[in-house]
Amino acid sequence: MESIQAVKGMNDILPGQIEWWQKVERIARQVLEDFGYREIRTPALEKLELFSRGIGESTDIVEKEMYVLEDSKGEKLALRPEATASVVRSFIQHKLHADPLMQKFYAIGPMFRHERPQKGRYRQFHQIDVEAFGIDDPMLDAEVMYMLRIFLERVGLTGVVLHINSLGCPECRKAYRKVLQDYLERYADALCPDCQRRRHTNPLRTFDCKVERCKELLEGAPMLLESICSECAEHFERVKSYLKDLDTPFVINPRMVRGLDYYMRTTFEVITDRLGAQNAVGGGGRYNGLVKDLGGPDLPGIGFAIGMERLILLLQQESEEQRRSPQVFVAALGEAARQRAFLLTQQLRNAGLETEMDYEGRSLKSQMRRADKLSARHVLILGEEELARGEIQLRDMMEKSQRNLPLETAAEVLKGICGGK
Ligand code: ATP
Ligand code: MG
């Protein structure tokens, strides 16, 4: 009999893979709970109206990506495409706002979007979702992004950039909407069919278009960030200044609009250049009107979601690269140094460190090039002068620092730094 396959774009997570998931979830719980967030679990299925009202009718998620179904009584339901609307619903339904200890939540679980499956993009995927209610101060915006950075550092992700923007408030957006619509009108014929429509329904969404021609046309568009009101500008200034106080690097990206309508003021994304078009590892922002729009009290909110598949893909790629590269490369100049380097290389390997050297006595430049190609973290350089002094130079290629070590104990020191087997 023919065997049954899983639904396209929905993946099994097997032993061997699950350990990554467990590690990421464990660290997420640790970090988030240290910052005062408490876990909440909401159903995968909700009333359709929650998302059409919460996310916005004219967003890609609601227009194209949602799994909608009808139960036997004819009630319209949807598999959740994201968690914020559900957490807000639960927050309101259980009147959690009355309890001062119930203002910060996190949720971990599957989300569903009907998109074209590809690397880093699936139909069932998982998010770590974080939401905080009741605080409008920009200090919280900065803290939330700082927490995201700390979490990513703890799980070991490197090479990502935090993009931030301000989408202003509904007031500044109203004026800008007209300015942008006038601009888009001039290029109306050249826009893709989606953007032709967005031009009327939700012009800001055109910034989210993935079509090259539309992206080019939007290069010259007026920026919302330049026309936000003075209160929103002041809020954004303070967010930036707190981020600096927290040593959290960021770039300002005035084109980032995010895919959900509920955002206002601060929005942010963590971007990688190692997953092709799927370049966002996580993103979020402030949503001050949402709790009220969904029938709750007028309380501000801010949150973000991390895509677990993308995060784990990146962590795996990184560990793969690290596994292939030697920890130490030994470069030597001159015959006597080369012989000593040969001994040292064996000592390092004996100490449990993956070590490479140059056997052919090439120039220092070409040896350094090879070390770089192999992506060795540490390079030891032994020239004749160092040899005469009984020293060797150690360069940390990641931290871009260097210092001299006694040649005799170099293997021991390196073992201490790298942690040999
Ligand atoms: P993209 O622009 O890549 O479609 P998005 O803006 O739709 O992302 P969000 O709604 O902000 O994504 O969701 C937060 C995170 O969830 C994303 O940064 C991403 O890591 C992840 N994510 C979103 N959609 C998918 C998907 N279909 N498959 C896997 N991960 C996803
Ligand atoms: Mg999307």
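Per an unreviewed UniProt entry, the protein carries the name Histidine--tRNA ligase and comes from Desulforhabdus amnigena. Its UniProt record, at the heading Catalytic activity (unreviewed entry), says of the protein: "tRNA(His) + L-histidine + ATP = L-histidyl-tRNA(His) + AMP + diphosphate + H(+)". UniProt, in its Subunit (unreviewed entry) section for the protein, records the words "Homodimer."

**Student:** Tell me what's going on with the overall build of the protein, and back it up with residues and numbers.
**Tutor:** Check the secondary structure of the protein and you find 15 helices and 16 strands. Taken along its principal axes, the extent of the C-alpha atoms in the protein is 80 × 55 × 50 Å. Per-residue burial over the protein gives 51% buried out of 421 residues. Looking at the protein alone, contacts between residues at least 24 apart form 69% of all its contacts between residues at least 6 apart. Total accessible area on the protein is roughly 21300 Å²; 51% of this is exposed by carbon and sulfur atoms. Distance between charge centres in the protein, computed from 61 positive and 64 negative side chains, equals 2 Å.

**Student:** Which residues make up the sheet that holds strand β6 (residues 124-133), and what values go with them?
**Tutor:** What the eight strands build is an open sheet, ordered β1-β5-β6-β11-β10-β9-β7-β8; its pairing is mixed. Edge positions in the sheet fall to β1 (38-39) and β8 (251-252), since each of these pairs with one other strand and no more. Alignment of strand β7 (residues 161-166) against strand β9 (residues 264-271), held across six bridges, turns out to be antiparallel. Of the residues in β9, the one forming a bridge with His 163 is Glu 269. Along the sheet, helix α4 (residues 84-93) makes contact with β5 (104-112) and β6, crossing β6 at roughly 45°. Here helix α5 (residues 138-155) sits on the sheet in contact with β5, β6, β7, β9, β10 (280-286) and β11 (301-307), set at roughly 20° to β11.

**Student:** An account of the nonpolar core is needed here, citing residue identities and associated values.
**Tutor:** Core analysis: the largest hydrophobic core is formed by 93 residues, its most contacted members being Val 24, Tyr 37, Ile 128, Phe 151, Phe 207 and Leu 311. Broken down by element, the residue count for this core peaks at 10 residues, all from α5. Setting aside chain neighbours within four positions, we find Tyr 37 in contact with Leu 32, Lys 104, Phe 105, Tyr 106, Val 130, Glu 131, Ala 132, Leu 140, Val 144 and Met 147. Residues Ala 341, Leu 380, Leu 394 and Leu 405 belong to the second largest nonpolar core, which totals 18 residues.

**Student:** With reference to specific residues and values, describe the site of ligand 1.
**Tutor:** The local shell around ligand 1 holds 15 residues, among which Arg 113, Glu 115, Arg 121, Arg 258 and Ala 280 are the closest. Within the backbone of Gly 282, an N or O atom sits 3.3 Å from an oxygen atom of ligand 1. In this structure, Gly 307 approaches ligand 1 through a main-chain N or O atom, which is 3.4 Å from an oxygen atom. At the level of secondary structure, the elements contributing two or more residues to the shell around ligand 1 comprise β6, β10 and β11. In terms of residue count, β10 provides more of the shell around ligand 1 than any other element does, three residues in total.

**Student:** Any chance you could break down helix α7 (residues 193-201) for me, citing the residues and the numbers?
**Tutor:** Because the α-helix completes a turn every 3.6 residues, residues three or four places apart line up on one side. Among all positions of α7, only Cys 195, Arg 198 and Arg 199 are buried. Angularly, the buried residues of α7 cover 110° about the axis, an arc narrow enough to put them on a single face. On the buried face of α7, the contacting elements are α3 (60-65), α6 (170-186) and α8 (212-219).

**Student:** Tell me about the side chain of Glu 46, and please be specific about residues and values.
**Tutor:** Relative to the helices and strands, Glu 46 resides in strand β2 (residues 45-47). For Glu 46, a relative accessible area of 7% puts it in the buried group. Beyond its immediate sequence surroundings of up to four residues, Glu 46 is in contact with Phe 51, Leu 77, Ala 78, Ser 86 and Arg 89.

**Student:** Give a description of the pattern of salt bridges that names residues and reports values.
**Tutor:** Here the structure, examined in full by the defined rule, presents 34 salt bridges. Across the salt bridge formed by Glu 25 and Arg 29, the nearest N and O atoms sit 3.9 Å from each other. You can see Glu 25 and its partner Arg 29 sitting in helix α1 (residues 18-34), four residues apart, about one turn around the helix. Judged by its relative accessible area of 24%, Glu 25 is partly exposed. Among the charged side chains, a network of salt bridges with common partners joins Asp 60, Glu 63, Lys 64, Asp 194, Arg 197 and Arg 198.

**Student:** Before we move on, could you go through the domain arrangement of the protein and cite the residues and values that matter?
**Tutor:** We note that the domain assignment places domain 1 (18-169 + 228-320) and domain 2 (325-418) within the protein. Between the C-alpha centres of domain 1 and domain 2 the distance comes to 45 Å.

**Student:** Report on the environment of Glu 234, specifying residues and quantitative values.
**Tutor:** Assignment of secondary structure puts Glu 234 in helix α9 (residues 230-245). Given the relative accessible area of 44%, Glu 234 is considered partly exposed.

**Student:** Any chance you could break down the packing of α1 against α5 for me, citing the residues and the numbers?
**Tutor:** At their nearest, the axes of α1 and α5 sit 10 Å apart, and the two run at 140° to each other. Judged by the inter-axis angle, α1 sits oblique to α5. The two elements α1 and α5 cross, and the hand of that crossing is right-handed. Facing Lys 23, Val 24, Ile 27, Ala 28, Val 31 and Leu 32 of α1, the residues of α5 in contact are Met 147, Ile 150, Phe 151, Arg 154 and Val 155. Partitioning the contact of α1 with α5 into residue classes produces nine nonpolar, no polar and two charged.

Quick notes on the rules
- Residues numbered from 1 in each chain as written.
- Chains lettered and ligands numbered in written order.
- Predicted model: local features only at pLDDT ≥ 70, side-chain atom pairs only at ≥ 80, totals over all residues.
- Heavy atoms only, no water.
- UniProt positions renumbered as here; feature names shortened; annotations may be inferred.
- Helix = DSSP H or I, 4+ residues; strand = E, 2+ residues; numbered from the N terminus.
- Buried < 20%, exposed > 50% of the residue type's maximum accessible area, 1.4 Å probe, protein only.
- Contact = heavy atoms within 4.5 Å.
- Areas by Shrake-Rupley, 256 points an atom, 1.4 Å probe, with all protein chains shown as cover.
- Lys, Arg positive; Asp, Glu negative; His and termini not counted.
- Charge placed at Lys NZ, Arg CZ, Asp CG, Glu CD.
- Pairing = 2+ DSSP bridges.
- Axes fitted to C-alpha atoms, helices over the stretch in contact; angles between N-to-C directions.
- Core = buried A, V, L, I, M, F, W, Y, C linked by side-chain atoms within 4.5 Å.
- Near = heavy atom within 4 Å.
- Polar contact = N/O pair within 3.5 Å; in protein donor to acceptor, adjacent residues only side chain to side chain.
- Arc of directions from axis to C-beta.
- Salt bridge = Lys/Arg side-chain N within 4 Å of Asp/Glu carboxyl O.
- Domains from an automatic or database assignment.
- Parallel < 35°, antiparallel > 145°, perpendicular 65-115°, else oblique.
- Left-handed = near helix turned anticlockwise from the far one by under 90°.
- Nonpolar A, V, L, I, M, F, W, Y, C, P; charged D, E, K, R; others polar.

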